[in-house]
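Structural description and commentary
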Amino acid sequence: LAKTTQPISMDSYEGQEVNITCSHNNIATNDYITWYQQFPSQGPRFIIQGYKTKVTNEVASLFIPADRKSSTLSLPRVSLSDTAVYYCLVGDLRDDKIIFGKGTRLHILP
Amino acid sequence: KAGVTQTPRYLIKTRGQQVTLSCSPISGHRSVSWYQQTPGQGLQFLFEYFSETQRNKGNFPGRFSGRQFSNSRSEMNVSTLELGDSALYLCASSLWDNYEQYFGPGTRLTVT
C-alpha cells in the first residue's frame, strides 16, 4: 500500500512557479504517479502522470528522481484560477486499497 | 467532445430510502468507475464497469450496487440509505484499462 505525504497547504502569488512535492517511500515497481486537481464541488481533473524522470504537458511538469520515492508537480506561472486542491496518487485509483489523501490546498494570491 | 455528465447534481433523501444516480461517460469510453468522496474518508473507490460487466469492486456494503448499459451509460443505486451515505458521488470514465480517468461533476447526496 503506497501511502503518500503532501503539504497540507501552500500559498503563492500570480505569475510565480509553484512546486508541490509528494513523498511515497514504498512505491511499488509497477506503480505510476498521477496528479489530480480538484475545485470545490467538482470531480478531480487529471493533470499529469509519470513513471520516472521528467514528464511535461501543456499545463504542468512532473519531476521524479531515480529512486521514485518522491515526485514534484511544477505549475509554471500560476494564476488565480489555479487555486484548488492538488492530489498525488500512486498506483491505480480503482484499487480499493488506494488512499486518495487530503491533498494540498494551493491558494494563489493576487 | 462532451465530458462526463452526472444526474442529478444534487439530491436530498431521508434515511431508509433508496436512490439511483446516473452517469454518461465521454463518447467512446467503455470503462466507468464510481467513487464516494467525503471530508473524513477522502475519495474511495466503489466499483468499475467495463462493457456492461463489473470488473472491480471496492470495500462497500451490498447496499451499493451498479450497472452499465450497452451504450456505456452507468447507474449506481444505494438502498436503505444511512446518514453516513451523505457524500459527493463521482463517476469517471476512461477509454480502456489505463490510469487516465475523466471525472464528472458529481452528485451531492444528502441523507437526512
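Now for a look at the structure at hand. All residue numbers refer to positions counted from 1 along the written sequence of the respective chain. Starting at A for chains and at 1 for ligands, labels are handed out in the order in which the entities are written. Only residues with pLDDT of at least 70 are given local features in this predicted model, and only at 80 or more are side-chain atom pairs given and counted; all residues enter the totals for whole chains, interfaces and linings. For the side-chain quantities, the full set of heavy atoms in the structure was used; hydrogens and water were omitted.

Attention shifts here to the interface of chain B and chain A. With 29 residues of chain B at the contact, the number on the chain A side is 18 residues. Across the interface of chain B and chain A, roughly 1700 Å² is buried in total on both sides, 51% from carbon and sulfur atoms. One speaks of a salt bridge when a side-chain nitrogen belonging to Lys or Arg is within 4 Å of a carboxyl oxygen belonging to Asp or Glu. Taken together, chain B and chain A are joined by zero salt bridges. Whenever two N or O atoms come within 3.5 Å, that pair is a polar contact, provided that in protein one can donate a hydrogen and the other can accept it, and provided that, for residues adjacent in sequence, both atoms are side-chain atoms. Between chain B and chain A we count two residue pairs in polar contact (both at pLDDT 80 or more) in total. Secondary-structure elements contributing two or more residues to the side of chain B that touches chain A are strand S4 (31-38), strand S5 (42-50), strand S6 (53-57) and strand S9 (87-94) of chain B. Under the scheme applied here, ten amino acids are nonpolar (Ala, Val, Leu, Ile, Met, Phe, Trp, Tyr, Cys and Pro), four are charged (Asp, Glu, Lys and Arg), and all others, including Gly, are polar. Looking at the side of chain B that touches chain A residue by residue, the class counts come to 10 nonpolar, 12 polar and seven charged. Residues count as neighbours in contact if any of their non-hydrogen atoms are within 4.5 Å of one another. We define buried area as the total accessible area lost by two parts upon association, computed with a 1.4 Å probe and summed across both. Working definition: helices are DSSP H or I runs of at least four residues, strands are E runs of at least two. Numbering for both runs from the N terminus.

On to the sheet that holds strand S3 (residues 19-24) of chain B. Residue and element names in this part refer to chain B. Here the rule is simple: two strands pair whenever DSSP picks up at least two bridges between them. If you walk across this open sheet you meet the four strands as S1-S3-S8-S7, and the pairing is antiparallel. With partners counted over all chains shown, the strands left at the sheet margins are strand S1 (5-7) and strand S7 (64-68), one partner each. Strand-to-strand twist of the sheet, defined as the mean angle between neighbouring strand axes without regard to direction, takes the value 20°. When S7 meets strand S8 (residues 74-78), the two strands line up antiparallel, connected through five bridges. Among the inter-strand pairings, Arg67 is bridged to a residue of S8, identified as Glu75. Interaxial angles span 0 to 180 degrees and are taken between N-to-C directions of axes, which are lines fitted to C-alpha atoms, for helices over the stretch in contact.

Residue and element names in this part refer to chain A. Positionally, Ser61 belongs in strand S6 (residues 61-64). The exposure class of Ser61 is buried, given its relative accessible area of 14%. One polar contact links Ser61 to Thr56, side chain to side chain, over a distance of 3.1 Å. The cut-offs for exposure are 20% and 50% of the maximum accessible area for each residue type, with area from a 1.4 Å probe on protein chains only; residues under the lower value are buried, those over the upper are exposed, and the others partly exposed.

Space left empty within the atom packing is revealed by a probe, the size of a water molecule, rolled over the atoms. The pocket and cavity definitions rest on a 1 Å grid over protein atoms only: a 1.4 Å probe that fits but cannot leave marks a cavity, an open set with protein on both sides within 12 Å along at least five of seven lines marks a pocket, and residues lining either have an atom within 4 Å of a point. Grid points are joined across faces, edges and corners, and a volume is the space filled by probe spheres set on the points. Approximately 240 Å³ is the volume found for the second largest pocket. Along the wall of the second largest pocket there are 17 residues; nearest its centre are A:Gly43, A:Pro44, A:Arg45, A:Phe46 and B:Phe103. For the lining of the second largest pocket, the secondary-structure elements that each account for two or more residues are strand S3 (33-38) and strand S4 (45-50) of chain A together with strand S10 (102-103) of chain B. Of the residues contributing to the lining of the second largest pocket, the split by class is eight nonpolar, seven polar and two charged.

All quantities given are derived from atomic positions and should not be read as evidence of function.
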